[in-house]
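The chain contents come next:
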Amino acid sequence: MGDQGTGGIESQGVESNTTRRMSEPRPNSHDDQIQQQSTETKASNAEGEEAKYAQTGPRLLLPVDSSNPTPSGGLSRNPSTSSNASRDSRIVVEVSQRSHSPRPLEPPVTKATLSELDVNKIIHNPKLRHDINFDPDLHFRPNVDGEKGRRKQEKANQFWNTLTEQLQLFIINRDEFMSRFGQGEDWCLPQLLKSVKEIIQTLVPQRDRMYLDEGLNVELIMQQFGKGIADLEKLASWLSGVLKSHCAPMRDEWVDEMYNQLTNGNKTNDMEELVQGMRSLLSVLEAMKLDVANHQIRCLRPILIEDTVHFEQRFFLKKIRDRKMDPTPAQAWYSTVRQFYSQDHASVQAFGEMGPFFEALCKMILPSSDPYSHPDTFVFDEERMTKLRSDMLDAINLEICMRLYESLERKYRYCDSSSSVNAIPTPFLATPFSDASGFLSSRTEDDGSENYFNSSNSRPSSLVFSSAGSAHSSPRASLVLPVQPASNRLEDQQAKSRNLYNSLVALLQTSPASSRSVSRWKAMKDSLALQIFRFTNAPAQDLLQFEDELDSHLSELSSPLFQQVEQYYHYHLLLELRQRVKDFKGLTGAVLFSVATGGRLHGPNRSWDGPRENISRERTSLENAIREAREEGGVEDMATRLAHMGLLHWRVWSHLVYAGDLDTVMAMPDMPTF
């Protein structure tokens, strides 16, 4: 069963090949910002208390209990004089004794940690409402990834381990347990039951909440527990019935598992199994809360999308009025853009008044441009901009690999096969490539099982290594090259180029995750060079030279070849972007979302069958056909995403900052709330 954590947002949309996770701190909603200033004074007074509790509790900030003064507060009210020395000593002793009874740990999942899943928080979350326009699969999930997830996991384990120890102490030495905790609620079990009750109250209808006090009376249960007469099996049965009557049917098996763990642990006095049942109980409640929130997102999506422009204009206008956002840099940026980009007839016809903006936007995702050149108005689109820049860099580097392959393949196309080292082709070469991801799994014909590259030490099957090679051998150290038969047939050359291109994509997908695309390409350069070599008849002694040549161009902004390919992609991206914006700009928000996220758009004559136009007279028709086919998919996808993002951005900011009069906007009456 998955461990608990607060809700995060997971997106698996068309924008990315990998799961996006947006669990970073979100901007406060406009309602929260209104309250922020009024709470700053109170927060500063409670700062010392919160810092103390943060040392023991699983959350960073815990509610401050003014009835329980801190040690520093108690000492500060007693002057240090000789006449009061004995009294000060007694206070120090009492404070020291209290310090041995820290506040109970908070359960890893509570009503407070799940509060962002409430519908009121969803509709007032500006980042979520913006992202929902771009990701059809956006949904909440437990946030257990990264450093933040690791800390939450540690605190959750601390809570469950402490609860196990406390229950074991109750069974083994009840007198010591009572002397330490008495009949109070300053230990883990009552805190857990309170959280369970509070979460259930948010999941059941109002008419059913009155029954919670009967079936889950925490005070009565703890009294019975102290006397050793608590019927945990009855409680487990009641909880099972309540959860099954309000959760999705797919959760019933999980609820049954929770019930069995609680009842078996209670019968056998196995505290670990009993605690595991409580852990499952909290996981089921969290899953139910997530189910409700995700259902609300699906139902509210059309309304939220149609209201995006109005909502964001109201949100940012308030920030500008409150002087929490300065629009001057954005105005200066757009003024510079208008002067720098001259519109030709094609841009005016496609973009209209948005021409300078979209031409600048198209330039911003190029690797050679400054990644921080965009103004603060792109605050909600920074992740999308970063992903587009990364995809553009990947497309350029892949094209560099293919152009170097074409040059090498032409040089040794008619090379005598005796000059190459013979080898039996690997299963990879015999596998048809319907898509690049097919390389990541291999199927044996006898048992039909699938094996995936899950280990970072796994080698791509496209590379041939000697059987005696060590686990740390470089691709070059165990190189065996198969013979590539020369062929002049158009279909054979197309298939060969397609297979190489797809194998390079698959090879990159097996590389370790890196925060920077540049680092990933540099780390894979030797394997990429070897893979390209295997598709040619080049002699093995040329491999070192080819590796150096490839390294001198991949992600190198100063490389003439890199600059040439970047300009080439920029030109074609701008052509596709003009068509996309021309098609999209008249659509409503909901229709734009449906069209732009419904899959890559395909134009006529866009396949491996031939070129769309004669781009270069120096290239043969074969090279044109191969190159056009491998380039169009990525360019179309990037153009669609860029047009979608740019149109929504322009609708929000054009009259607010770019093309409008800010003084007039500031004088506008407050817009009605959603």
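Residues numbered from 1 in each chain as written. Predicted model: local features only at pLDDT ≥ 70, side-chain atom pairs only at ≥ 80, totals over all residues. Heavy atoms only, no water.

S.K.: Lay out the side chain of R384 in plain terms, naming residues and giving numbers.
M.R.: You can see R384 is positioned in helix α19 (residues 382-411). Within the structure, the side chain of R384 is placed 3.0 Å from the side chain of D381, a separation counted as a polar contact. (Helix = DSSP H or I, 4+ residues; strand = E, 2+ residues; numbered from the N terminus. Polar contact = N/O pair within 3.5 Å; in protein donor to acceptor, adjacent residues only side chain to side chain.)

S.K.: Let's hear about the packing of aromatic side chains: which residues, and what values?
M.R.: We describe a pair of aromatic rings using the distance from one ring centre to the other and the angle between the two ring planes. If you walk through the whole model with that rule in mind, you get 25 aromatic pairs. When the centroid spacing of 6.4 Å and the interplanar angle of 85 degrees are considered together, the rings of W333 and F357 count as edge-to-face. Here W333, found in helix α16 (residues 328-340), pairs with F357, found in helix α18 (residues 355-364); they are 24 residues apart in sequence, far enough to count as distant. Pair check on accessibility: W333 and F357 agree, each one buried. These aromatic residues form a ring-pair network of at least three members: W333, Y334, F351, F357, F358, F378, W650 and Y658. Cation over ring: R403 sits above Y568, and NZ or CZ is 5.4 Å from the ring centre. (Phe/Tyr/Trp six-rings, centres within 6.5 Å; stacked < 30°, edge-to-face > 60°. Buried < 20%, exposed > 50% of the residue type's maximum accessible area, 1.4 Å probe, protein only. Lys NZ or Arg CZ within 6 Å of the ring centre and 35° of its normal.)

S.K.: Describe the confidence of the model for the protein chain, with residues and values.
M.R.: Within the protein chain, residue pLDDT values average 74, and 65% of them lie at 70 or more. Confidence, expressed as mean pLDDT per element, reaches its minimum in the protein chain at strand β5 (residues 450-452) with 34 and its maximum at helix α6 (residues 126-131) with 95. Long-range and interchain partners of residues 5-100, a stretch whose pLDDT sits below 50, account for 131 contacts in this model, where long-range means more than four residues apart. A low-confidence stretch, residues 599-622 stays under pLDDT 50, and its non-local contacts, those more than four residues away or across chains, total 44 contacts. (pLDDT = per-residue confidence, 0-100. Contact = heavy atoms within 4.5 Å.)

S.K.: Run through the environment of M364, naming residues and quoting values.
M.R.: Here M364 shows up in helix α18. Between the alpha carbons of M364 and R389 there is a distance of 8.1 Å; along the sequence they are 25 residues apart. Each residue touching M364, except ones within four places of it in the same chain, is listed here: W333, S369, S373, H374, F378, M385 and R389.

S.K.: Mind laying out unusual backbone geometry, listing which residues take part and the relevant values?
M.R.: Positive phi values are uncommon outside glycine, yet N269 reaches one of about 55 degrees. Positionally, N269 belongs in the loop between α13 (252-268) and α14 (271-306). Even without being glycine, S555 reaches a positive phi, approximately 60 degrees.

S.K.: Lay out α16 in plain terms, naming residues and giving numbers.
M.R.: With 13 residues, α16 extends 18 Å from end C-alpha to end C-alpha; this agrees with the ideal 18 Å at 1.5 Å per step. Every buried residue belonging to α16 is among A330, W333, Y334 and V337, and all of these are buried. Along the axis of α16, the buried residues cluster in a sector spanning 95 degrees; they form a single face. (Expected span 1.5 Å × (residues − 1). Arc of directions from axis to C-beta.)

S.K.: Provide a residue-level description of the packing of α19 against helix α22 (residues 517-534), including the pertinent values.
M.R.: For the pair α19 and α22, the least separation of the axes is 12 Å and the interaxial angle reads 25 degrees. Classed by the angle they form, the pair α19 and α22 counts as roughly parallel. The two elements α19 and α22 meet at a crossing, and its hand is right-handed. Facing α19, whose interface residues are S390, L393, D394, N397, L398, C401, Y405 and L408, α22 presents S517, V518, R520, W521, I532 and F533. When its residues are assigned to classes, the contact of α19 with α22 shows 9 nonpolar, 3 polar and 2 charged. (Axes fitted to C-alpha atoms, helices over the stretch in contact; angles between N-to-C directions. Parallel < 35°, antiparallel > 145°, perpendicular 65-115°, else oblique. Left-handed = near helix turned anticlockwise from the far one by under 90°. Nonpolar A, V, L, I, M, F, W, Y, C, P; charged D, E, K, R; others polar.)

S.K.: Lay out the pattern of salt bridges in plain terms, naming residues and giving numbers.
M.R.: Inspection of every chain in the model, using the stated rule, returns 23 salt bridges. Among the ionic pairs, R384 bridges to D381, the shortest N-O distance being 3.0 Å. Here the two residues R384 and D381 agree in accessibility, since each one is buried. Between D526 and K525 there is a salt bridge whose closest N-O contact spans 3.0 Å. Among the ionic contacts, a cluster of salt bridges with common partners joins K127, D131, D381 and R384. (Salt bridge = Lys/Arg side-chain N within 4 Å of Asp/Glu carboxyl O.)

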